[in-house]
Amino acid sequence: AGISWAAIFLAPGWIFGASYDAVAAVADKLALVLLGLFAMLALVWAVVLYTSRWFAVHADSLLARALRWTRAHPRLGRYVAALVDPKRPESASLALLAACLFVIAWLWAGFSATLLLRGGPSLLDHDVHAAMFALRNPLADRLMASLAGIGSVQVLALPVLVATGWLVWRKRWMAASHWLAAIAVGLLLTAGLEAAVDMPRPPNSAAGFGFPSIAVTMTTVVFGFFAVLIARELPGRQRMWPYLIAGIATVLVGFARLYLGAHWLSDLTAGVLLGVAWLLVLGIAYRRHSARSFNMRPLAWAFYGSLLLAAGWHVPRSADATLARFAPPEPQTVLTLAQWRAHGLHEAHPHDLQVAGDPLALQRRLLASGWRTQPPADWVAVLGLLDDDHAPAAQPVLPASHGGHPERLLLRRPVPGSQQIDVVRLWPAPARLVDGRRLWVLRHERMQWQTGLPLLQFWQPLPRPFPMPADLHALLATPGDGLEVRAVPHDY
């Protein structure tokens, strides 16, 4: 049994270690984004799990110490005694909420004071924003835009209304009033702070998003206080599951909005701390005034079921609009034709080409020479890579990004007599010409069909530099159609 357990436990690491280098060649940014997301989810899982377990083991001794302190300090102790009264069955939960409230309030006060004294985002905020912008990838873009939609009002409104209706229908007036207060006051607190604190926005942040993050705060409040409502009715260790779901939902929304550049890291941290502090205050008040138990299973099914229904309907429809709101900014650098011909764009890779003109003219030229356009690969196409019944020619080339922009064009052509293809990618460049023409970065890659990895096969680029085919070079160098192509200088 021990040998079998060790083999099963280590197998994912062996598989991942063997395939990471190959996957990184075509999806390095996507892999890093997913690793970062999984790391944050694992951190939340560990915090909720081990905090609850630690307090379950030490609850009796901590409550006994608190009770002795109340007897030694009769004036202040009477307020603490209300939370640690051994006659109340939820005293342990109340004490845990009170302890968390003290820590979160202290963190919130110190964090907010630091930002206000600084008068703007910290160096860490800028570093994280730059790192996330550098990890932009078309596949990760759509995934993160979808996850960010979980915290939107269109998704949260339905489960909030369903839970409110159920509580009113069952005449749980105390729970319903606290539930509505949690949401209303949380929204007012966040909106008030956003109006009072003038925090400079990230470069590609849409209007209406400030300090703290409304979406992250309300996700924390809605999921967190719902966990407070139903956790007391669950037996033993099952009480951690609603809190775990709340933590996962908050991490998904926060990480997605950080990736898209909607907020600074400070906005998200402040939103989480504010949401947790408020739901802890209200949670203590609710636990102190509500003694009636009720069957929470129908309420939980109604809340989470309506949440999945709303997310399933809204998230796929909002991804494109979300990406458009947080698209990388338009280039501000303007070059004359003489400057571009003499110096080019030094942001490009030494083995790229630079193109001035209409990309559709370039596309027509390549299509007339035997190339074909590949539509942008989505997650459905990526999952199709697991199907080895499809011929390599039918499998997509995974997308890539340049300067935060997805590919504007991707064209491919088979290499005769081999399982290789030539690929041409085109991205917007961070500059334009004074005559109004856009500049583009063009890259040629030779790709080999990669097999042999467990459950995974894909087109992998051959090591660069790889010489561009002579006919492609001649085709690109031919003047006409308003196109002009130049090589990138190699002296830097």
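This is a predicted model, so every value here is computed, not measured. (Residues numbered from 1 in each chain as written. Predicted model: local features only at pLDDT ≥ 70, side-chain atom pairs only at ≥ 80, totals over all residues. Heavy atoms only, no water.)

## Let's talk about the environment of Trp 371
Within the secondary structure layout, Trp 371 lies in the loop between helix H13 (359-367) and strand E3 (372-373). Remark: the alpha-carbon pair of Trp 371 and Leu 410, spanning 39 residues in sequence, is separated by 10.0 Å. (Helix = DSSP H or I, 4+ residues; strand = E, 2+ residues; numbered from the N terminus.)

## Notes on the packing of aromatic side chains
Within this structure, the stated rule accounts for 9 aromatic pairs. Ring geometry for Trp 179 against Phe 226: centres 6.0 Å apart, planes inclined by 65 degrees, an arrangement best described as edge-to-face. Of this pair, Trp 179 sits in helix H7 (residues 173-196) while Phe 226 sits in helix H8 (residues 214-231), placing them 47 residues apart in sequence. Accessibility assignment for this pair places Trp 179 and Phe 226 in one class, buried. Ring geometry for Trp 449 and Trp 459: centres 5.1 Å apart, planes at 65 degrees, overall edge-to-face. Taken together, the positions of Trp 449 in strand E8 (residues 438-453) and Trp 459 in strand E9 (residues 456-461) put the pair 10 residues apart, joining distant regions of the chain. With respect to burial, Trp 449 and Trp 459 carry one shared label: buried. Between Arg 170 and the ring centre of Trp 169, over which it is positioned, the NZ or CZ distance is 5.2 Å. (Phe/Tyr/Trp six-rings, centres within 6.5 Å; stacked < 30°, edge-to-face > 60°. Buried < 20%, exposed > 50% of the residue type's maximum accessible area, 1.4 Å probe, protein only. Lys NZ or Arg CZ within 6 Å of the ring centre and 35° of its normal.)

## Section: the confidence of the model for the chain
Residues at a pLDDT of 70 or more form 71% of the chain, whose mean pLDDT is 76. The lowest-confidence element of the chain is helix H2 (residues 74-84), averaging 49 in pLDDT; the highest-confidence one is E3, averaging 93. Low pLDDT (under 50) marks residues 18-22, which in the prediction has 7 contacts with non-local residues, meaning those over four places away or in another chain. This stretch, residues 76-84, has a pLDDT under 50; its non-local contacts, to residues over four places away or in other chains, come to 21 contacts. (pLDDT = per-residue confidence, 0-100. Contact = heavy atoms within 4.5 Å.)

## Overview of the side chain of Thr 250
With respect to the helices and strands, the residue Thr 250 is situated in helix H9 (residues 240-260). Classification of Thr 250 as buried rests on a relative accessible area of 11%.

## Quick word on the pattern of salt bridges
Following the criterion strictly, the structure yields 9 salt bridges and no others. For Asp 320, the salt bridge goes to Arg 142, with nearest N and O atoms at 2.5 Å. Of the two residues, Asp 320 sits in helix H11 (residues 297-325) while Arg 142 sits in helix H5 (residues 138-148), which places them 178 residues apart along the sequence. Among the ionic pairs, Glu 407 bridges to Arg 425, the shortest N-O distance being 2.1 Å. Note that Glu 407 is positioned in the loop between strand E5 (405-406) and strand E6 (409-414) and Arg 425 in strand E7 (residues 420-433), a separation of 18 residues in sequence. Arg 425 shares its class with Glu 407; the two are buried. Salt bridges sharing partners connect three or more residues here, namely Arg 413, Asp 422, Arg 446 and Asp 471. (Salt bridge = Lys/Arg side-chain N within 4 Å of Asp/Glu carboxyl O.)

## Topic: the packing of H13 against helix H15 (residues 470-477)
In contact at an axis separation of 11 Å, H13 and H15 are set at 140 degrees when each is read in the N-to-C sense. If you check the angle between H13 and H15, you find them oblique. In this structure, H13 meets H15 at a crossing whose hand is right-handed. In contact with Leu 362, Arg 365 and Leu 366 of H13, H15 contributes Leu 472, Leu 475 and Leu 476. Looking at the contact of H13 with H15 residue by residue, the class counts come to 5 nonpolar, no polar and 1 charged. (Axes fitted to C-alpha atoms, helices over the stretch in contact; angles between N-to-C directions. Parallel < 35°, antiparallel > 145°, perpendicular 65-115°, else oblique. Left-handed = near helix turned anticlockwise from the far one by under 90°. Nonpolar A, V, L, I, M, F, W, Y, C, P; charged D, E, K, R; others polar.)

## Some remarks on the nonpolar core
Within the largest apolar cluster, 45 residues are counted, with the highest numbers of intra-cluster contacts made by Val 33, Leu 37, Met 144, Leu 147, Tyr 259, Leu 260 and Val 397. For this core, the leading source of residues is H9, giving 10 residues. Once you skip the residues sitting within four places of it in the chain, Met 144 turns out to touch Val 33, Leu 37, Phe 255, Ala 256, Tyr 259 and Leu 260. Of all hydrophobic cores here, the second largest spans 37 residues; its members include Trp 166, Ala 182, Val 222 and Ala 246. (Core = buried A, V, L, I, M, F, W, Y, C linked by side-chain atoms within 4.5 Å.)

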